[in-house]
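The lines below spell out each chain.
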Amino acid sequence: MIRRASLVLVGALMGATAMSVIYAAGVPAEAAGASTYKELSVFGDVFERVRAQYVTPPAEDKLIENAINGMLSSLDPHSSYMNAKDAEDMSTQTKGEFGGLGIEVTMEDELVKVITPIDDTPAAKAGVLAGDYISEIDGQSVRGLKLEEAVEKMRGAVNTPIKLTLIRKGADKPIELTIVRDIVAVQAVKSRVEDDVGYLRVISFTEKTYPDLEKAIVKIKAAVPADKLKGYVLDLRLNPGGLLDQAIKVSDALLQRGEVVSTRGRNPDETRRFNAGPGDLTDGKPVIVLVNGGSASASEIVAGALQDLRRATVLGTRSFGKGSVQTIIPLGENGALRLTTALYYTPSGRSIQGTGITPDIKVEEPLPDDLKDKMATEGESSLRGHIKGQSETDEGSGSVAYVPPDPKDDVQLNYAFDLLRGKKTDPAFPPNPDKAVSAK
């Protein structure tokens, strides 16, 4: 038997910043039936015919790789095959630094769809927006390419230009942007003091996230005396997800006890539960969590845990709704298999797959005139072939993923500030920890 270490992904989508975490060892497999092996012999026959008789000699390794990807893409949007280079790139990206443009992407309708541009990266500075479709890369159509192939074309040497052709809803014609590639060193957490409130924005969940969060809270506490500090805003908007262990640590940083998240696979004995331990870095100060349609996966784990345990009030609009877990199974020199193996559940036992996190206080973020009718709702439920969630309805998941560049124009953020300062009131704030909801 081949021993295989496995990885679990809770990142939003495979793309320029796919994220993962080492999680377990051993991936049991069941023997296939006789009829399955008969069908595999048909595949072998087709492969030989194509290899021997196609009009031009095909690359045999590409034939097999494409066949594998065809099988995996028929399962759900998040299962895929990674060749050796892709697997190595993914491992590098979890460290919070990679080369490229700085965008989270997926494939939809044969085009590369932008989930979100990462702050302060070449793509964000050039004006790429969440919801944009990339139709051409350096003048070549992306149709017919796998997502990994499109991502590879967008990567390249630092300081080299790349031309993207974007299709944006509401735009009269395609938009052409020339972007210069750079090393994208993602700052996991940004923070600042807003008079008497500490602001924490978690941009992504990489190996840097918890250490950066801890440093940020220490810095805020040093800047504002405890008797003056009204509380914290934890901004998870436009956060596409990342490392499972970091999502658990960020949740634990604000909790004294309770289950953070559970993952449940095909078999009952595959269920795993992760709990918080004593020690709240914020010393029990009030916390408001901001979410929108760009908040996915690991960020939904944090929002769901703090919401169910009544540690924080969640404010904003419905989150993306990616509640599935991907296991990375190394295949040696042949790369790795990225396979959906479980769903994760919040402390109350709810799956957010296809539904997302519903905020305690719904506050819409108004779009500027130049973006009205140009940004659509983003959500797992709108992805073709997604796993239907157990609580999914026609309403689906997700919402518009937009955050104003100027904090003064940020309606959601300023609403949170007003709640913390007592200028606004709401029955959902502050939450009562004695009314925490846990699975029965």
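Quick caveat: nothing in here was measured; it's all calculated off a predicted structure.

Asker: Can you break down the overall build of the chain residue by residue, with the values?
Answerer: Within the chain, the secondary structure is distributed over nine helices and 21 strands. Reported as C-alpha extents along the three principal axes, the dimensions of the chain are approximately 80 × 50 × 40 Å. Of the contacts formed within the chain by residues at least 6 apart in sequence, a portion of 72% connects residues at least 24 apart. Accessible surface for the chain amounts to roughly 20,500 Å². Of this, 52% is attributable to carbon and sulfur atoms.

Asker: Outline the nonpolar core, supporting the account with residue identities and numerical values.
Answerer: Ranked by internal contacts, the top residues of the largest apolar core, which has 42 residues, are L234 and V289. Listed by contribution, the elements that provide at least two residues to this core are β13 (197-202), α6 (209-223), β14 (231-235), α7 (244-252), β15 (259-265), β17 (287-291), α8 (298-308) and β20 (336-345). Of all the elements, α8 adds the most residues to this core, at six residues. Those residues in contact with L234 that lie beyond four places of it in its chain are L200, V202, L254, V287, I288, V289, L290, V302 and L306. In this structure, A123, Y133, M154 and I179 belong to the second largest nonpolar core, which totals 21 residues.

Asker: Explain the packing of helix α1 (residues 34-53) against helix α2 (residues 60-73) to me, and be specific about the residues and the numbers.
Answerer: Remark: α1 packs on α2, axes separated minimally by 11 Å, with the N-to-C direction vectors making an angle of 145°. Crossing hand, α1 versus α2: right-handed. Across the interface between the two elements, F43, F47, V50 and R51 of α1 pack against E60, L63, I64 and A67 of α2. Looking at the contact of α1 with α2 residue by residue, the classes come out as six nonpolar, no polar and two charged.

Asker: Explain the environment of M375 to me, and be specific about the residues and the numbers.
Answerer: For M375, the position within the fold is in the loop between β21 (361-362) and α9 (411-420). Take M375: its relative accessible area is 11%, and that puts it in the buried class. For the pair formed by M375 and V289, sequence separation is 86 residues and the distance between their alpha carbons is 23 Å. With sequence-adjacent residues up to four places away left out, M375 is seen in contact with A130, L367, V400, A401 and Y402.

Asker: Can you tell me about the domain arrangement of the chain, naming the residues and giving the values?
Answerer: Many authors give the size of an interface as the accessible area that is lost as the parts come together. Assigned domains within the chain: domain 1 (97-185) and domain 2 (189-435). With centres defined by C-alpha atoms, the gap from domain 1 to domain 2 works out at 26 Å. Tallying the contact residues gives 17 residues for domain 1 and 16 residues for domain 2. Together domain 1 and domain 2 conceal approximately 1,400 Å² of surface at their shared face, both sides included; 54% is due to carbon and sulfur atoms. Where domain 1 touches domain 2, the interface holds two salt bridges.

Asker: Give me the pairing of β17: which residues, what numbers.
Answerer: In terms of residue burial, β17 counts as a mostly covered element, since five of its five residues are buried. Residues V287, V289 and V291 of β17 are buried on one face, and the alternating residues I288 and L290, pointing to the opposite face, are buried as well. Summarising the sheet, β14 and β17 pair through four bridges and their orientation is parallel. If you follow V233 over to β17, its bridge partner there is I288. As paired strands, β17 and strand β18 (residues 313-316) are joined by four bridges and run parallel to one another. Within β18, the residue paired with L290 across the bridge is L315.

Asker: So what about the pattern of salt bridges? Which residues, and what values?
Answerer: In total, this model carries 25 salt bridges according to the counting rule given. The shortest N-O distance in the salt bridge between R51 and E48 comes to 2.8 Å. Of this pair, R51 and E48 both sit in helix α1, three residues apart, roughly one helical turn. Here R51 falls in the partly exposed class, since its relative accessible area comes to 34%.

Asker: Account for the sheet that holds β18, naming residues and giving values.
Answerer: With respect to topology, six strands assemble into an open sheet ordered β12-β13-β14-β17-β18-β21, the strand pairing being mixed. Every other strand in the sheet has two partners, leaving β12 (189-194) and β21 as the edge strands with one partner each. This element, α8, spans β14, β17 and β18 of the sheet and lies at about 140° to β17.

Asker: So what's going on with the packing of aromatic side chains? Which residues, and what values?
Answerer: Going through the model one piece at a time under the given rule, you end up with zero aromatic pairs. For R192, the ring lying beneath its charged end belongs to Y199, and the centroid distance is 4.1 Å. The residue whose ring lies beneath R264 is Y345, and the NZ or CZ to ring-centre distance is 4.0 Å.

Asker: Residues and numbers for α9, please.
Answerer: Here α9 has its buried residues at Q412, L413, A416, F417, L419 and L420. Looking straight down α9, one finds that the buried residues subtend no more than 160° of arc, so they occupy a single side. Looking at the buried side of α9, the elements it contacts are β12, β13, β14, β17, β18 and β21. In this structure D410 caps α9, since a side-chain oxygen of it lies 3.3 Å from the backbone nitrogen of Q412.

Conventions and cut-offs
- Residues numbered from 1 in each chain as written.
- Predicted model: local features only at pLDDT ≥ 70, side-chain atom pairs only at ≥ 80, totals over all residues.
- Heavy atoms only, no water.
- Helix = DSSP H or I, 4+ residues; strand = E, 2+ residues; numbered from the N terminus.
- Contact = heavy atoms within 4.5 Å.
- Areas by Shrake-Rupley, 256 points an atom, 1.4 Å probe, with all protein chains shown as cover.
- Core = buried A, V, L, I, M, F, W, Y, C linked by side-chain atoms within 4.5 Å.
- Buried < 20%, exposed > 50% of the residue type's maximum accessible area, 1.4 Å probe, protein only.
- Axes fitted to C-alpha atoms, helices over the stretch in contact; angles between N-to-C directions.
- Left-handed = near helix turned anticlockwise from the far one by under 90°.
- Nonpolar A, V, L, I, M, F, W, Y, C, P; charged D, E, K, R; others polar.
- Domains from an automatic or database assignment.
- Buried area = accessible area lost by both parts, 1.4 Å probe.
- Salt bridge = Lys/Arg side-chain N within 4 Å of Asp/Glu carboxyl O.
- Pairing = 2+ DSSP bridges.
- Phe/Tyr/Trp six-rings, centres within 6.5 Å; stacked < 30°, edge-to-face > 60°.
- Lys NZ or Arg CZ within 6 Å of the ring centre and 35° of its normal.
- Arc of directions from axis to C-beta.
- Polar contact = N/O pair within 3.5 Å; in protein donor to acceptor, adjacent residues only side chain to side chain.

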